[in-house]
Amino acid sequence: MVTGGRGTVVAMAAWSTLNAAGVTLFLLLVLLRVSQAQTFFFPFRQPETCGHNQYFDISALSCVACGANQRQDARGTVCVCLPGFQMISNNGGPDIICKKCPENMKGVTGDGWNCISCPDGLTAEGKCHCPTGHILVERDVNGTLLSQATCKLCEESENSFTIANALGNRCVQCEPTFINTSRSCVCSEPNILTGGLCFSSTGNFPPRMISAARYGDLGVSFTSEWFAEYLRSAAAACWVYANLTSCQALGNMCVMNMNSYDSTTFDACRLFQFIFENTAGLGTVHSVSFWRQNLPWLFYGDQLGLAPQVLSTTPLPTNFSFKGENQNTKLKFVAASYDVKGNFLKWQTLEGGVLQLCPDTETRLNAAYSFGTTYQQNCEIPISKILTDFPMPTFYDVYLEYTDENQHQYIWAVPVLNLNLQHNKIFVNQDSSSGKWLLTRRIFLVDALSGRENDLGSQPRLIRVATQISLSIRLVPNTKNGNIYPPLITIAYSDIDIKDPNSQSVKVSFSVTYEMDQGEARVQTDIALGVLGGLAVLLSLLKTAGWKRRIGSPMIDLQTVMKFLVYYAGDLANVFFIITVGTGLYWLIFFKAQKSVSVLLPMPAQEERFVTYVGCAFALKALQFLHKLISQITIDIFFIDWERPKGKVLKAVEGEGGVRSATVPVSIWRTYFVANEWNEIQTVRKINPLFQVLTVLFLLEVVGFKNLALMDSSSSLSRSPPSYIAPYSRILRYAVSTALWLVIGIIQIVFFAVFYERFVEDKIRQFVDLCCMSNISVFLLSHRCFGYYIHGRSVHGHADTNMEEMNMNLKREAENLCSQRGLIPNTDGQTFQIAISSQMRQQYDRIHETLTRKNGPARLLSSSGSTFEQSIKAYHTMNKFLGSFIDHVHKEMDYFIKDKLLLERILGMEFMEPMEKSIFYNDESYSFSSVLYYGNEATLLIYDLMFFCVVDLACQNFILASFLTYLQQEGQ
């Protein structure tokens, strides 16, 4: 039984599996057939392409025929009954039923549901028509439909003063100006009808008004339809009735004309000024003399020198701080906004991009109002988008909200510098002198209204766009609490001739800048430059004097002047370097670390002087580096071989057919080996250039030290991707770069001196040891009468020996079983600075001349073989002469050994002149490295740093600067 039950279950499971597989296969086949037969495209239709008897089906997105006795409505999306037909039912679209009206009731009521008899004919739509001044009455007061419509005349007499409304279905009171002027609903002559208002012609209002919109950028002026229709009425209502909305509308028209004033024409601004001057008796608003009662505040006055007083006299009574308990980094700008007709819209904060035309995230838009953050936003916007987004202009009066010590809220009016403003046809706000500026108040972003010529519903001929908006904030000099002067909005408009909105575009920008008086900083820099520059002159004179003594020439000639200039270039480069590094670190530390704001970063225009200093430092340092390089490759160096022959050998005599004894030749390979080692240590440095570049680049780009160079108050090394990234300050980039470069370089030098040279290898000392092991001394002249001597004479007598003997010699030396290596017996001093006498130099030159002479009869007649033999002979002569000189053989050219004075070491010059005897100065510091890269590490480090910084300042790219610096280092 159990077995049978299991079989049944297995059978049922198999059947279910086959069933599921069959269903799945069936569905796949059906879906495959359907997908092969289905299409996903259809004709493209728009409402305006539908016929007169069709409507646009908003669901099917196609044109559908209307029913009998129907046509499409004005929008084209539903059907309506033809004239003379009433609706019986209406469910939308074509689902309506129309019935023809009887002959005695051919009219259709306003709602279309009933037929009615009309007293005075029909309109084109089949509705009842009434004469002018009458209203149409179709129903009784209780809503009962009349059998025949009636036309009622509105009572225009003094008792009622009514007139038909625009729809013709109600009698409403006449406009008050009609009643006040003509005591009727008709504005008859000599009264003036304008903008739907009636004014008396007997007033003292200017009769000749110009409805012109001026576009200074394009040099175009034409009659604006908006001005023609509303300027006169707004001005009259403001002047006669002190209507607040009309006064605001008049002010808006003045702002649309760029607040431009011309005393010879009565345009919008001249009319506004006329009303302002003739309403002095009304008093002022909030004790502001430029703000007349009932009028908007548009101007700060036209007195010369008024702008500097407004901008730099009274600080805002609020403090800003980056850190601490009283942190305040928010600029709370608010704006009173008005529409073009003068209606007050609302108070609104500027956050969210109210004045920023470029789209962006709210976080980045709001970063513009974070105190201390330099903000820049640029974009290009299609004209079609501007026309869509700004059909009507909105006007803003901007204020800065703040809280006083008593926690009371106040607002401070923000002045505006409109660069397009013309005063008597002069662009006064484009003058470099702020004393000639005329500050204003109200602004707008886009004006696509005043550029319409004949029809307010048509496309504008011209539009005006605020393409540059800059908010500048100035710090009060010597403040310690973060006080600022009133901010200034600088705005520039561009006039655009509309031709093809879909293909035209305009570039716009919005920026926030911070500035402080840099006069004191410039004075301090000039003082430092003057003092350090004077010290550089003295140091260069000392170097030149030392150089003159070392070349043995007391005469001041052109070469001396050129040498002084080269030395001065190097010292002046160090002066510029110190000043620029100090300046950069000052701004970096004091700006980023301050709590209450007392300093602000220099603006890009104010950085030009700093960049010039950096360029001078690099150019002069490059000249110094080139001078060092030339000096290094023009030194005289001779390797003195102390090795002596070990005996004689039998040697065949060529041409004589016999043999004779000859001295065993001394191997030249030791000299070659030492010379090769000298070439290798010439470019040895205390730092690893590749490690230096990669480490600095890693710290800047990966760790994020470059973020310290951003022109904001944050000291964080990281920035979140959604946040706004402020532009870089060139001074801060330089400061961060130099700080990291110098720190990494100094760490490498310290590591090299303290650890690497002690525990790994010291190539300079190894070279001295190699000379001693090779029995080779190095005689080096960096100047005509000055140089260095490395005493490499072996204490074992011979160096050209086998391994066993060499090991034995080293063992004896380690056990102090032989004399010491020094030039002076029983000393270890092997390196010396030498000042040779003129006689010694002359003898050296006579021997050396045979190697360098290129002309002369003997030279012309000699063969290459004899020339080589002469060179070998000159080599042996020089080797013998220098060896005998070191051994005090030549009493007339002898020398003595002494220590340098401390002052001599500090100044880098010798006080004693070698007259009869040469002087050997003990040199335990291995100063012969001054003719190598090793001894000029400071110059090379600063040169590489300046190269890196100059490339970065030019390209604003640390990666490119690192790459080019590495290539430059490899080419050294």
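Residues numbered from 1 in each chain as written. Predicted model: local features only at pLDDT ≥ 70, side-chain atom pairs only at ≥ 80, totals over all residues. Heavy atoms only, no water.

- Taking an unreviewed UniProt entry as the reference, the chain is identified by name as Meckelin isoform X2 belonging to Delphinapterus leucas.

## Considering the nonpolar core
Okay, so step 1: Counting 138 residues, the largest nonpolar core has Phe-333, Leu-355, Phe-371, Val-398 and Ile-463 as the members making the most contacts within it.
Okay, so step 2: Split by domain, the residues of this core number at least three in each of domain 2 (306-520) and domain 3 (521-634 + 684-759 + 936-971).
Okay, so step 3: Judged by nonpolar contacts, the second largest core, of 26 residues, contains Ile-764, Val-768, Leu-780 and Ala-835. (Core = buried A, V, L, I, M, F, W, Y, C linked by side-chain atoms within 4.5 Å. Buried < 20%, exposed > 50% of the residue type's maximum accessible area, 1.4 Å probe, protein only. Domains from an automatic or database assignment.)

## A word on helix H4 (residues 244-256)
Okay, so step 1: Taking 1.5 Å of rise per residue, 13 residues should cover 18 Å, and H4 covers 18 Å from first to last C-alpha, within 8% of that figure.
Okay, so step 2: Judged by how many residues are buried, H4 sits mostly within the fold: eleven of 13 residues are covered.
Okay, so step 3: When we look at burial in H4, the residues that qualify are Ser-246, Cys-247, Gln-248, Ala-249, Leu-250, Gly-251, Asn-252, Met-253, Cys-254, Val-255 and Met-256.
Okay, so step 4: A side-chain oxygen of the first residue of H4 lies 3.2 Å from the backbone nitrogen of Thr-245; this N-cap is Asn-243.
Okay, so step 5: At the C-terminal side of H4, Met-258 shows a positive phi close to 65°. (Helix = DSSP H or I, 4+ residues; strand = E, 2+ residues; numbered from the N terminus. Expected span 1.5 Å × (residues − 1). Polar contact = N/O pair within 3.5 Å; in protein donor to acceptor, adjacent residues only side chain to side chain.)

## Remarks on the sheet that holds strand E33 (residues 776-781)
Okay, so step 1: With respect to topology, six strands assemble into an open sheet ordered E30-E33-E34-E35-E37-E36, the strand pairing being mixed. For this open sheet the edge positions go to strand E30 (636-641) and strand E36 (895-898), each flanked by a neighbour on one side alone. Sheet twist, expressed as the average angle between the axes of neighbouring strands with direction ignored, equals 25°.
Okay, so step 2: On top of the sheet, helix H15 (residues 763-774) reaches E33, strand E34 (786-790) and strand E35 (831-835); it is set at about 125° to E33, its chief contact. (Pairing = 2+ DSSP bridges. Axes fitted to C-alpha atoms, helices over the stretch in contact; angles between N-to-C directions. Contact = heavy atoms within 4.5 Å.)

## A look at a nonpolar patch on the surface
Okay, so step 1: There is a patch of nonpolar side chains on the surface, built from Ile-746, Val-750, Phe-751, Val-754, Phe-755, Phe-759 and Val-760 and spanning about 700 Å² of accessible area.
Okay, so step 2: By the secondary structure assignment, Phe-759 is in helix H14 (residues 730-759). (Patch = residues over 30% accessible without salt bridge, like charges linked within 9 Å, V, L, I, M, F, W, Y side chains within 5 Å. Areas by Shrake-Rupley, 256 points an atom, 1.4 Å probe, with all protein chains shown as cover. Salt bridge = Lys/Arg side-chain N within 4 Å of Asp/Glu carboxyl O.)

## Quick word on the domain arrangement of the chain
Okay, so step 1: Entries for the chain in the domain assignment read domain 1 (43-150), domain 2 (306-520), domain 3 (521-634 + 684-759 + 936-971) and domain 4 (762-851 + 869-931).
Okay, so step 2: On a C-alpha basis, the centres of domain 2 and domain 3 stand 39 Å from each other.
Okay, so step 3: In this assembly, 26 residues from domain 2 lie in contact with 29 residues from domain 3.
Okay, so step 4: Counting the surface lost from both domain 2 and domain 3, the interface buries some 2,400 Å², and carbon and sulfur atoms represent 57% of this.
Okay, so step 5: The largest per-residue losses of area from domain 2 upon contact with domain 3 belong to Phe-322, Lys-323 and Gln-518, which jointly make up 27% of the total buried on that side.
Okay, so step 6: Across the contact surface, domain 2 and domain 3 share zero salt bridges.
Okay, so step 7: The interface formed by domain 2 and domain 3 includes 16 residue pairs in polar contact (both at pLDDT 80 or more).
Okay, so step 8: For the side of domain 2 that touches domain 3, the secondary-structure elements that each account for two or more residues are helix H7 (362-366), strand E21 (375-382), strand E29 (505-515) and helix H9 (519-551).
Okay, so step 9: A total of three residues in the side of domain 2 that touches domain 3 trace back to one element, the largest contributor, which is E29. (Buried area = accessible area lost by both parts, 1.4 Å probe.)

## Section: unusual backbone geometry
Okay, so step 1: Its identity is not glycine, yet Lys-425 carries a phi of approximately 70°, on the positive side.
Okay, so step 2: As for its position among the elements, Lys-425 is in the loop between strand E24 (416-418) and strand E25 (442-444).
Okay, so step 3: For His-888, which is not glycine, the phi dihedral falls at a positive 60°.
Okay, so step 4: On the secondary structure map, His-888 appears in the loop between helix H19 (864-886) and E36.
Okay, so step 5: Judged by relative accessible area, which is 31%, His-888 ranks as partly exposed.

## With respect to the UniProt feature "transmembrane region" (unreviewed entry) in the chain
Okay, so step 1: The sites that UniProt annotates as "transmembrane region" (unreviewed entry) are residues 527-545, 565-590 and 731-756.
Okay, so step 2: With 100% helix and 0% strand, residues 527-545 has end C-alpha atoms that lie 27 Å from one another.
Okay, so step 3: Span residues 565-590 is 100% helix and 0% strand, its end C-alpha atoms 36 Å apart. (UniProt positions renumbered as here; feature names shortened; annotations may be inferred.)

## Focus: the packing of aromatic side chains
Okay, so step 1: This structure, assessed with the given rule, holds 46 aromatic pairs.
Okay, so step 2: Their ring planes at 45° and their centres at 4.4 Å tell us that Trp-226 and Tyr-230 sit as a pair that is tilted. Of this pair, Trp-226 and Tyr-230 both sit in helix H3 (residues 225-241), four residues apart, which is roughly one turn of that helix.
Okay, so step 3: Considering the side-chain rings of Phe-779 and Tyr-844, the 6.3 Å spacing of their centres and the 40° angle between planes classify their relative orientation as tilted. Here Phe-779, found in strand E33, pairs with Tyr-844, found in helix H17 (residues 838-852); they are 65 residues apart in sequence, far enough to count as distant.
Okay, so step 4: Taking the relative accessible area as the measure of exposure, Phe-779 reaches 1% and is therefore buried.
Okay, so step 5: When its relative accessible area of 3% is taken as the criterion, Tyr-844 is described as buried.
Okay, so step 6: The rings of Phe-320, Phe-322, Phe-371, Tyr-514 and Phe-591 are connected pair by pair, giving a single aromatic cluster. (Phe/Tyr/Trp six-rings, centres within 6.5 Å; stacked < 30°, edge-to-face > 60°.)

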